[in-house]
Every structure is written in structure tokens, then in C-alpha cells.
Amino acid sequence: HHLLPQGRLRYFQARGFPKRDIDNFCIEVSALDHDMIHGGNQRLARIRWREKEWNTRLFDRLDQAEELLREATGNPKARLSREEILDLMESQRREFQLGDHPLVKYHD
């Protein structure tokens, strides 16, 4: 499971994750656990319980943090740093009770 969603690769690249660096932030989980991380039914979870679907929750948090950064700096183009993104990812890992899963590199 990619903790930093592959579908948003360009977002992460623009914020300090070179090439496919996001592939270094994955965890191994069972198929059932993967489904649960995505709220059981990912499409429905994104609509009905955003805070329980990994990708939606992560980007809600990243967008909110980036907006606060822009307000605080007065720079409408300010972006979160790689470290700030990783801190938010780690915080969410603890919330989703995934903190004990070691990070692994993605492999096909």
C-alpha cells in the first residue's frame, strides 16, 4: 500500500519527492486490510466517510495544511515541504493504527 498515493505523483514531485521516491513509503498489508484502509468501498467512502478513507483523509489534511501555510506566509504559491508531508503521513499512520508496519519499497 502506497502511503503517498501514486495517482498524485506530480503533487509529491513538486514538493520535494524526486522521480518515484514515493515508492519508498509503502507498507505491506493483506488485501482485506488494504480494503479497510480505503474505507471498505473506496468510491463510497470518499463521499460518505472521508475521514476513514486513507487517500481522501490524507489530501484533506495536506490541502488544509498548505492553505494555512499560504495564509501564514502571505504567499499564495507556498507549498508544504517533503518533511511536512512526511510528518502528516506519519501522524495519519498512527491514527489508522498502521504505525507498527515497517516502511518498504514498492515492488511490482
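For the structure, see preceding data.
Notes on the structure follow.

### Describing the overall build of the chain
Inference 1: Summing up its helical and strand segments, the chain has five helices and zero strands in all.
Inference 2: Sequence-ordered secondary structure for the chain, helices as α and strands as β, is α-α-α-α-α.
Inference 3: Across the 108 residues that make up the chain, the buried fraction comes to 37%.
Inference 4: Put simply, 59% of the contacts in the chain that link residues at least 6 apart link residues at least 24 apart.
Inference 5: When the accessible surface of the chain is totalled, it reaches about 6,800 Å², and 49% of it is carbon and sulfur.

### Some words on unusual backbone geometry
Inference 1: Phi at Lys-19 is positive, roughly 45 degrees, even though this residue is not glycine.
Inference 2: Relative to the helices and strands, Lys-19 resides in the loop between α1 (9-13) and α2 (31-37).
Inference 3: Looking at Lys-19, the relative accessible area reads 71%, which means it is exposed.
Inference 4: Positive phi is not limited to glycine here, since Gln-97 has a value of about 55 degrees.
Inference 5: Its place among the elements puts Gln-97 in the segment after α5 (82-95).

### So, the pattern of salt bridges
Inference 1: For the structure shown, the criterion picks out seven salt bridges.
Inference 2: The closest approach of N and O atoms between Arg-82 and Asp-21, which form a salt bridge, is 2.5 Å. Linking Arg-82 in helix α5 with Asp-21 in the loop between α1 and α2, this pair joins segments that are 61 residues apart in sequence.
Inference 3: Here Arg-82 falls in the partly exposed class, since its relative accessible area comes to 24%.
Inference 4: Look at Asp-21 and you get buried, because its relative accessible area is 13%.
Inference 5: Glu-95 serves as the salt-bridge partner of Arg-61, at 3.5 Å between the closest nitrogen and oxygen. Placement of Arg-61 in helix α4 (residues 54-73) and of Glu-95 in helix α5 is noted, with a sequence separation of 34 residues between them.

### Quick look at the packing of aromatic side chains
Inference 1: Evaluated as defined, the whole model comprises six aromatic pairs.
Inference 2: With 5.2 Å between their ring centres and 85 degrees between their planes, Tyr-11 and Phe-12 make a pair best called edge-to-face.
Inference 3: Look at Tyr-11 and you get buried, because its relative accessible area is 9%.
Inference 4: Under the relative-accessibility criterion, Phe-12 is labelled buried at 0%.
Inference 5: Centroid distance Phe-17 to Phe-25: 6.1 Å. Interplanar angle 85 degrees. Geometry classified as edge-to-face.

### Things to note about α4
Inference 1: With 20 residues, α4 extends 28 Å between its outermost C-alpha atoms, agreeing within 8% with the 28 Å of an ideal straight helix rising 1.5 Å per residue.
Inference 2: Restricting attention to buried positions, one finds in α4 the residues Trp-54, Asn-55, Thr-56, Leu-58, Phe-59, Arg-61, Leu-62 and Glu-66.
Inference 3: Its side-chain oxygen placed 3.3 Å from the backbone nitrogen of Asn-55, Glu-53 serves as the N-cap of α4.
Inference 4: Of the residues flanking the end of α4, it is Gly-74, one or two places downstream, whose phi is positive at about 75 degrees.

Analysis parameters
- Note that residues are indexed from 1 along each chain, following the sequence as it is written.
- Only residues with pLDDT of at least 70 get local features here, since the model is predicted, and only at 80 or more are side-chain atom pairs given and counted; chain-wide, interface and lining totals rely on the full set of residues.
- With hydrogens and water set aside, each side-chain value is computed from the structure's full complement of heavy atoms.
- Helix and strand labels come from DSSP, where a helix needs a run of H or I of at least four residues and a strand needs a run of E of at least two; each type is numbered from the N terminus.
- Think of it in three bands: residues with accessible area under 20% of the maximum for their type are buried, residues over 50% are exposed, and the middle band is partly exposed, with areas taken using a 1.4 Å probe on protein chains only.
- Whether two residues are in contact is decided by their heavy atoms: any pair within 4.5 Å suffices.
- For every accessible area listed, the method is Shrake-Rupley and the probe measures 1.4 Å; residues are considered covered only by the protein chains on display.
- In what follows, salt bridge is the name for a side-chain nitrogen of Lys or Arg lying within 4 Å of a carboxyl oxygen of Asp or Glu.
- Pairing of aromatic side chains requires ring centres within 6.5 Å, counting the rings of Phe and Tyr and the six-membered ring of Trp. Pairs whose planes differ by under 30 degrees are stacked, by over 60 edge-to-face, and all others tilted.
- What a helix should span is 1.5 Å times the count of its residues minus one.
- The definition of a polar contact used here is a pair of N or O atoms within 3.5 Å, where within protein one atom must be able to donate a hydrogen and the other to accept one, and adjacent residues in sequence count solely through side-chain atom pairs.

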